[in-house]
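What the coordinates show
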Amino acid sequence: MEEMLRKLFEANPDKTTIVLKGKCSDCGENVKINITSTSGRFGLQGGALFKCSSGGYFIKCSDCYKIRPKIENYRKAKYPHVHPFV
């Protein structure tokens, strides 16, 4: 995951924050995650981002993440394979 985020910032060197948009994999609400590059790491605000084994990505809103902080069965997720890079 960190490598993907690092490449995203390398491809956009003029950006200090990158915004990802998608639908929460649990509730389906629109989610906007602000990602900032910090010293060697990344800060996410507004939700959580998950990578699944098939190579796709899931987003969870902050509320759903608080209730269930992981993707338990990505094949049965209500909104699978969200492509959040908009």
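Please refer to the structure placed before this passage.
Residues numbered from 1 in each chain as written. Predicted model: local features only at pLDDT ≥ 70, side-chain atom pairs only at ≥ 80, totals over all residues. Heavy atoms only, no water.

This paragraph deals with the overall build of the protein. Helix and strand counts for the protein stand at 2 helices and 5 strands. When the helices and strands of the protein are read in sequence order from the N terminus, they spell out α-β-β-β-β-β-α. Of all 86 residues assigned to the protein, the portion counted as buried reaches 34%. Nonlocal contacts in the protein, meaning residues at least 24 apart in sequence, comprise 44% of its contacts between residues at least 6 apart. (Helix = DSSP H or I, 4+ residues; strand = E, 2+ residues; numbered from the N terminus. Buried < 20%, exposed > 50% of the residue type's maximum accessible area, 1.4 Å probe, protein only. Contact = heavy atoms within 4.5 Å.)

Let us look at the environment of Phe 9. The topology assignment puts Phe 9 in helix α1 (residues 2-11). The class for Phe 9 is buried, based on a relative accessible area of 9%. On a C-alpha basis, the gap between Phe 9 and Thr 36 in space is 9.0 Å, while along the polypeptide they are 27 residues apart. When neighbours within four sequence positions are excluded, Phe 9 is seen to be in contact with Lys 15, Thr 16, Thr 17, Ile 18, Ile 35, Thr 36, Ser 37 and Phe 42.

For the rest of this paragraph, the subject is the nonpolar core. Core analysis: the largest hydrophobic core is formed by 15 residues, its most contacted members being Leu 5, Val 31, Ile 35 and Leu 49. Elements that contribute at least two residues to this core include exactly α1, β1 (17-23), β2 (30-37) and β5 (57-61). Aside from chain neighbours lying at most four places away, what touches Val 31 is Leu 20, Lys 21, Gly 22, Lys 23, Cys 24, Gly 46, Ile 59, Lys 60 and Cys 61. (Core = buried A, V, L, I, M, F, W, Y, C linked by side-chain atoms within 4.5 Å.)

Another aspect to go through is the pairing of strand β3 (residues 42-45). Where β2 lies against β3, 4 bridges are found, and the strand directions are antiparallel. The residue of β3 that forms the bridge with Ser 37 is Phe 42. Where β2 hands over to β3, the hairpin turn is made up of 4 residues, of which Gly 40 adopts a positive phi near 80 degrees. (Pairing = 2+ DSSP bridges.)

Now for the sheet that holds β3. Across the sheet, which stays open at both edges, the 3 strands sit in the order β1-β2-β3 with antiparallel pairing between neighbours. Each edge of the open sheet is held by one strand with a lone partner, namely β1 and β3. Going across the sheet, the axis of each strand differs from the next one's by a mean of 25 degrees, ignoring polarity. (Axes fitted to C-alpha atoms, helices over the stretch in contact; angles between N-to-C directions.)

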